[in-house]
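A structural walkthrough
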Amino acid sequence: CRLFNMDNNQSDENNESKQEDEEEPEQANRPIRRDVVIVGSGPVGCTYARILVEAGYHVIMVEAGAKESDPPGSHLKNAFRYQRDINSFTSIIKGHLQTLSVPTGGNIYPDTIDQTVELENGTMHLNQNPDQEPKVNLSAAAATYCVGGMGTHWTCSVPRLRGKERFPHLIPDEEMDQLYDEAERYVYHTADPYEGTMLQSTVQEALIKHYNKLGSLPADPKALPLAVRYKKPYNFWTGPYDILLEKNYKDRKFELKDQHLATLLSPSDENPAVIDELIVKDLRRNERIRIKAKVYIICGGAILTPQLLYNSKQRQDTWEIEMPALGKYLCEQTLAFCQIALKKDIVDKMVQDERWSKEVKSHTMKYPDDPIKIPFNTPFPQCWIPYDDERPWHCQVHRDAFSYGRTSLAVDNRLVVDFRYFGRSKPDEKNRVMFSDKYKDMYGMPQPKFEVTTSKEDSATNHDMLIDMTKAALSLGGFLPDSGPQFMAPGTALHITGTVRMGTNTDDSVVDTNLCVHGFSNLYIGSNGVIPTAIAANPTLTSIALAIKSANHIIKKLKENGD
């Protein structure tokens, strides 16, 4: 994005590497003035917006993506079609994920082989990255550019962190639990939405039987806590719009600008510890917009948030605050996956169980030729084996849509169970995301580059996790073709943390316990990236809880300043 001149030491060749169709946006002279500006419209950004709007502050939210759900930021899986055909939602997720760093070769192949062209730096279209080493890449790491972000297609799994996943040296467990209580209200948390239903009870009981017989590691199969409101036969999945609340979305104190890309945070000339304005590019009109606010909150995810901070620092001499931990200590979960079809004897016992005899009888009368006899509106299982310090992985045994795992149409989804086991990776300064001064991503921002490896200790634990998953899966059924036990590509979990981690000093952290960036007085970050510990569970509920603490701190600070 050619909003500002490049650094003097950057070559003309680097300038030429920008996309050919990129034009300099028009300049806007008069800034927009609001109390608070929020970058990003996902669950965390909407948490901040809800609290601040309800406190009476004028909030403007900018989002690089477009409004793709109705209402904007609502969960796409609430559409009737996806309630009936979970497989079809896999394509929706895949279509919304923009891979962040794609290694490239030196060859491109047009229509005929004799036209092969050798390029010194490889191709650089749509986040293709000539500098990316494949062996240290998070090849499946991705971002979602739309109003609501990944909150428009997330699984809505909302467990609390447990044991060593937590960070009591920064936030005491008692305070954290109070924050979790409020966060669970925001997301419409339900501890066991499908209690007593056929598939839920059957799968959970089978897991309990398996792990009781195994008896070697602590395991407590139970219902997976979900952000959902279930009223048979409909699931209403929580999206960012639901967190924000309709009344706040329509409040005159709230304004959403979609397809507006935040490009630079500019410090004050008088005080480098104060952000003076945010520079935004209107992607539809190719115009530059200046936004001045009392508080700036960046909620762009674990990669795009440090990308904005890096770009702001590199392009401006007025940025004096150092951020040595930016992008470092990156943690991403190792994901083991398989799919099974339930054993015939398990299914037979289930449909003969007195608990569901009325449902089965009614279904059989309507559909006498259905050999499976499970009512079509039976909710899928959503089971969970929580993380334990002695068994340091988080398990989801359920049926849901991800960017992978779509089953064949010949397989009846009523019999399919997904096993997803998430292993933690311990924080390591050497695991990081960096940003290029030469190459740009598809939005004209510095191209991310990953350098991530797995330690021997974590690798050994991950293989124990895979063995555990395989045994549990085989106790319930047989593997589907191409869905046997496997490790998914690095980054598939989409649970990156640590890149803007919380801590007490600038050497190994980016924000303090109120999520204020070290060295700044009015710059805050809300993201999974602030989580400083090795975690195996889904991070979203924790990030929302931390945003609640941060938003309340911001309100207190504004009031102290007379605002």
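Residues numbered from 1 in each chain as written. Predicted model: local features only at pLDDT ≥ 70, side-chain atom pairs only at ≥ 80, totals over all residues. Heavy atoms only, no water.

**Quick word on the packing of aromatic side chains**
Scanning the entire structure with this criterion turns up 11 aromatic pairs. With centroids separated by 5.5 Å and ring planes inclined at 65 degrees, the aromatic side chains of Y241 and Y249 adopt a geometry described as edge-to-face. By relative accessible area, which is 22% here, Y249 ends up partly exposed. What links up through ring pairs into an aromatic cluster is the set Y241, Y249 and F254. (Phe/Tyr/Trp six-rings, centres within 6.5 Å; stacked < 30°, edge-to-face > 60°. Buried < 20%, exposed > 50% of the residue type's maximum accessible area, 1.4 Å probe, protein only.)

**Let's talk about the confidence of the model for the chain**
Taken as a whole, the chain shows an average pLDDT of 91; of its residues, 91% reach a score of 70 or greater. Overall, residues 1-22 carries pLDDT values under 50, and its contacts beyond four positions in sequence, including any with other chains, amount to 40 contacts. Counting contacts from residues 115-123, a segment whose pLDDT is below 50, to residues more than four positions away or on other chains yields 24 contacts. (pLDDT = per-residue confidence, 0-100. Contact = heavy atoms within 4.5 Å.)

**Some words on a positive patch on the surface**
Together, K209, K213, K343 and K349 give the surface a local cluster of positive charge. Its location among the elements puts K209 in helix 6 (residues 198-214). (Patch = residues over 30% accessible without salt bridge, like charges linked within 9 Å, V, L, I, M, F, W, Y side chains within 5 Å. Areas by Shrake-Rupley, 256 points an atom, 1.4 Å probe, with all protein chains shown as cover. Salt bridge = Lys/Arg side-chain N within 4 Å of Asp/Glu carboxyl O. Lys, Arg positive; Asp, Glu negative; His and termini not counted. Charge placed at Lys NZ, Arg CZ, Asp CG, Glu CD. Helix = DSSP H or I, 4+ residues; strand = E, 2+ residues; numbered from the N terminus.)

**Comments concerning the environment of S88**
One can find S88 in helix 4 (residues 88-96). On the basis of relative accessible area, S88 is assigned to the buried category, the value being 5%. C-alpha separation for the pair S88 and T461, spaced 373 residues apart in sequence, amounts to 34 Å.

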